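# Topology and contacts: notes
Spelled out, the chains give:
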Amino acid sequence: MIQAERPTSQRHASLRHLERTSTGDVALFLGGTFAAASDGGARELVDPATDDAYVKVAEATAADAARAIAIARQAFDEGPWPETFALDRARLLNKIADALDANAADFAAMETLNCGKPLREAEYDVADAANCFRYYAGLATKPHGQTFDVPAPSQSFTVREPIGVCGQIVPWNYPLLMAVWKLAPALAAGNVCILKPSEYTPLSALWLAKLATEAGLPQGVLSVLPGAGPVAGAALAESMLVDKIAFTGSVPTGQTIMRAAAGNVKKISLELGGKSPNVVFADANWATAIDYALFGIYANAGQVCSAGSRLIVEREIAERFVAELVRRARKIVVGDGFAAATEMGPLVSARQRDRVEEYIRIGRAEGATLACGGTRPPGDLGERGNFIVPTIFTDTTPAMRIVREEIFGPVLAVQTFIDEAEAVRLANDSPYGLAGAVFTSDAARAHRVIRKLRAGITWINAYHPTYNEAPWGGYKQSGIGRELGTYGFEAYTEVKQINVNLAVEPSGWFKD
């Protein structure tokens with residue numbers, strides 16, 4: 001593990017874009033107006049890389065959520081947005097994308113400050129967010145119905161209409177990108193949105209709301225409620241006036257949302273994480289498999305729902321493969337996200353760092369071998385900031401908690417297999433089914449195995465590349481529904497069947 005030097009750049013410059021309350025706190029956003037929380041409460045944000053508090057953000061209450069819901073309900077039932085022509089919605093989404101591009105450097109800096117990821121990763125996120133808006137701007141104007149050849153004198157067809165008021169709850173690992181994944185298709189379809197960002201990482205969502213308003217988004221169409229999930233998030237899930245909940249996060253919280261959504265039988269979309277397998281056969285391209293094994297688990301410090309956190313490697317190459325992986329993992333430059341040399345940043349919070357450290361303790365107690373890592377970095381980084389160095393466990397068994405449970409940190413569990421059947425069995429031995437990959441030079445085997453993986457997002461000889469055009473979501477406890485692509489748009493629509501009688505005369509079913 002190599003440490004990057006702390007940068008001397010201005011870390012807080014991007015905060016100038018945020019609207020403030022009279023007390024100086026960053027304001028929440030209620031349907032077009034920035035405001036303080038109803039009780040005046042605010043949460044102090046802490047820089048993950050330095051452990052320094054740097055700003056306070058208004059903390060939405062249940063009363064604030066109720067107000068946002070009332071505003072949204074009126075905006076959908078009586079406002080112009082659902083009736084706005086698709087072409088005009090598309091133009092507005094493109095204007096938001098242009099605003100993201102114009103402010104890309106400051107958005108990236110805000111993401112790095114808020115969640116700690118290296119600046120180069122944040123820059124990719126901002127570009128991807130702008131492209132996501134453009135993708136759905138294009139999709140908004142495309143055909144979205146069907147016609148049916150039915151017996152005369154009838155005509156039958158379907159149309160897609162917006163669902164209504166959509167509550168959207170997003171996590172802290174990709175604050176801007178996860179918000180846009182939900183907002184872009186929902187707005188393109190004509191819905192109104194109440195976004196609940198993580199209480200740890202609300203800044204980019206609040207600035208995005210400001211830019212959307214400046215681009216012309218009508219009053220009431222978007223609210224942003226930073227705050228605690230059990231307060232603001234629960235209010236959205238429980239409300240009888242909210243028509244849909246889209247959530248990305250943990251399985252226990254997703255289960256709570258499902259129960260709450262049953263009150264008015266809300267539409268739900270859930271993306272609930274994973275414990276994804278990365279299967280490497282002996283004939284895989286060596287350099288490529290090593291590279292993606294590292295990228296699969298250490299990108300964003302392992303704080304990725306689709307992380308390749310289970311490396312399942314063929315036994316005949318396992319010892320040599322792991323030795324090289326350990327060598328490379330120890331060379332990863334860990335440091336402040338603002339440092340140009342940094343390849344892996346801190347975890348988002350002290351709470352998350354402590355959680356990962358507890359799993360490392362559990363792994364050792366269960367009998368796994370700690371091949372590398374397992375500690376905070378020495379010196380300043382370990383003392384100030386939420387850093388854990390890249391960690392690898394070997395000699396694991398399928399029953400171990402570090403193999404079965406989502407750690408959400410830079411911790412890799414290695415398993416080995418003898419043949420293809422065992423590789424598939426190990427890969428699918430999980431309550432999750434979000435993602436998975438296969439590395440092999442045998443094209444037929446690659447397709448055989450990838451088809452057998454019980455996962456929604458898969459790769460052959462790669463790991464992690466994702467596209468706005470392709471669906472995102474998982475099997476089993478990894479969630480319900482799909483985001484992105486045409487699937488993500490359809491998830492924010494209701495399908496209406498329309499039947500037209502072309503012979504306007506009595507049916508004669510009952511005698512006169």
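Residues numbered from 1 in each chain as written. Predicted model: local features only at pLDDT ≥ 70, side-chain atom pairs only at ≥ 80, totals over all residues. Heavy atoms only, no water.

### Considerations on the overall build of the chain
Put simply, the test is: Under the scheme used here, helices are H or I runs from DSSP no shorter than 4 residues and strands are E runs no shorter than 2 residues, and both carry numbers assigned from the N terminus. For the radius of gyration, the atoms used are the C-alpha atoms, and the globule rule reads 2.2 Å times the number of residues raised to 0.38. When a residue's accessible area, from a 1.4 Å probe over protein chains only, is under 20% of the maximum for its type it is buried; when over 50% it is exposed; and in between it is partly exposed. By the convention used here, residues are in contact when the closest approach between their heavy atoms is within 4.5 Å. Only the protein chains shown count as cover for residues, with accessible areas throughout obtained via the Shrake-Rupley method and a probe of 1.4 Å. Asp and Glu are treated as the negative residues and Lys and Arg as the positive ones, with His and the ends of the chain left uncounted. To locate a charge, take atom NZ for lysine, CZ for arginine, CG for aspartate or CD for glutamate.
Secondary structure assignment for the chain yields 16 helices and 24 strands. A compact globule built from 512 residues should have a C-alpha radius of gyration of about 24 Å, and the chain, at 24 Å, falls within 12% of that. By its C-alpha atoms, the chain is 85 × 60 × 40 Å across when sized along the principal axes. Relative to its full complement of 512 residues, the chain shows a buried share of 57%. Considering only contacts within the chain whose residues lie at least 6 apart along the sequence, 74% involve residues at least 24 apart. Here the chain has roughly 20,900 Å² of accessible surface; of this, 52% comes from carbon and sulfur atoms. Within the chain, the 57 negative side-chain charges are centred at a point lying 3 Å from the centre of the 50 positive side-chain charges.

### Here we look at the packing of helix 2 (residues 86-102) against helix 4 (residues 119-140)
Operational definition: A fitted line through C-alpha atoms represents every axis, and for helices the fit uses only the stretch in contact; the resulting angles, taken between N-to-C directions, go from 0 to 180 degrees. Roughly parallel means an angle under 35 degrees; roughly antiparallel, over 145; roughly perpendicular, 65 to 115; everything else is oblique. Following the grouping adopted for this structure description, the nonpolar residues are Ala, Val, Leu, Ile, Met, Phe, Trp, Tyr, Cys and Pro, the charged ones are Asp, Glu, Lys and Arg, and the polar ones are all others, Gly among them.
Two elements in contact, helix 2 and helix 4, have axes whose closest approach is 8 Å; the angle formed by their N-to-C orientations is 170°. Looking at the two axes, helix 2 sits roughly antiparallel to helix 4. Of the residues in helix 4, those in contact with A86, A90, L93, N94, I96, A97, D98, L100 and D101 of helix 2 are V126, A129, A130, F133, R134, Y136, A137 and A140. Here the residues of the contact of helix 2 with helix 4 sort into 13 nonpolar, 1 polar and 3 charged.

### Some points on the packing of helix 3 (residues 104-115) against helix 6 (residues 203-215)
The contact between helix 3 and helix 6 brings their axes to 9 Å, and the two run at 150°. Considering the angle they form, helix 3 stands roughly antiparallel to helix 6. Each of D106, F107, M110, E111 and N114 in helix 3 lies in contact with helix 6, whose residues at this interface are L203, S204, W207, L208 and L211.

### Describing the side chain of E111
Which entries qualify depends on this criterion: By salt bridge we mean one thing: a side-chain nitrogen of Lys or Arg within 4 Å of a carboxyl oxygen of Asp or Glu.
As for its position among the elements, E111 is in helix 3. Buried and unpaired, E111 has K117 as its nearest opposite-charge partner, separated by 5.3 Å. Once you skip the residues sitting within four places of it in the chain, E111 turns out to touch G116, A122, Y174, P175, L176 and S204.

### What to know about the pattern of salt bridges
Where charged atoms from two side chains of opposite charge come close, those side chains can pair. The full count for this structure, using the stated rule, is 27 salt bridges. A salt bridge links D354 to R376; its shortest N-O distance comes to 3.8 Å. With D354 in helix 11 (residues 350-366) and R376 in the loop between strand 16 (369-372) and helix 12 (380-383), the pair connects residues that are 22 residues apart, well separated along the chain. Assessed through its relative accessible area of 33%, R376 is described here as partly exposed. Residue R404 pairs with D429 through a salt bridge whose shortest N-O separation is 3.3 Å. Of this pair, R404 sits in helix 13 (residues 401-404) while D429 sits in the loop between helix 14 (420-428) and strand 19 (432-433), placing them 25 residues apart in sequence. In this structure R404 comes out as partly exposed when scored by relative accessible area, which is 28%. Here D429 falls in the partly exposed class, since its relative accessible area comes to 34%. Look at the salt bridges and you will find they share partners, linking R353, D354, E357 and R376 into a network.

### Looking at the sheet that holds strand 21 (residues 457-460)
Selection criterion: Note on pairing: two strands pair once DSSP finds at least 2 bridges between them.
Strands sit in the order 16-17-18-14-13-20-21 across an open sheet of 7 strands; the sheet is mixed. Every other strand in the sheet has two partners, leaving strand 16 and strand 21 as the edge strands with one partner each. On average, each strand axis in the sheet is tilted by 20° relative to the strand beside it, whichever way the strands run. Set on the sheet, helix 11 makes contact with strand 16, strand 17 (391-394) and strand 18 (411-417); between it and strand 17 the angle comes to about 25°.

### Topic: the side chain of Q415
Considering the arrangement of structural elements, one finds Q415 in strand 18. When its relative accessible area of 5% is taken as the criterion, Q415 is described as buried. When neighbours within four sequence positions are excluded, Q415 is seen to be in contact with R310, L311, I312, V313, T396, P398, V403 and L426.

### Section: the nonpolar core
To keep things clear, this is the line we draw: What is meant by a nonpolar core is a set of buried Ala, Val, Leu, Ile, Met, Phe, Trp, Tyr and Cys residues, joined one to another through side-chain atoms within 4.5 Å.
In terms of nonpolar packing, the biggest core is built from 155 residues, with Y136 and F321 touching the most fellow members. Residues within four places of Y136 in sequence aside, it is in contact with L93, A184, P185, A188, L484, G485, G488 and F489. Counting 12 residues, the second largest nonpolar core, distinct from the first, contains V279, A423, V424 and L426.

### A closer look at the environment of G220
When you line up the elements, G220 lands in the loop between helix 6 and strand 10 (222-224). Taking the C-alpha atoms as reference points, G220 and G31, separated by 189 residues in sequence, lie 3.8 Å from one another.

### Overview of the sheet that holds strand 24 (residues 493-501)
Pairing in this open sheet of 3 strands is antiparallel, and the strands run 6-7-24 from one edge to the other. Whereas interior strands pair on both sides, the edge strands pair on one side only; in this sheet they are strand 6 (147-148) and strand 24. Here 2 bridges tie strand 6 to strand 7 (residues 154-162), and the two strands are oriented antiparallel to one another. Counted as the bridge partner of F148 is S156 from strand 7.

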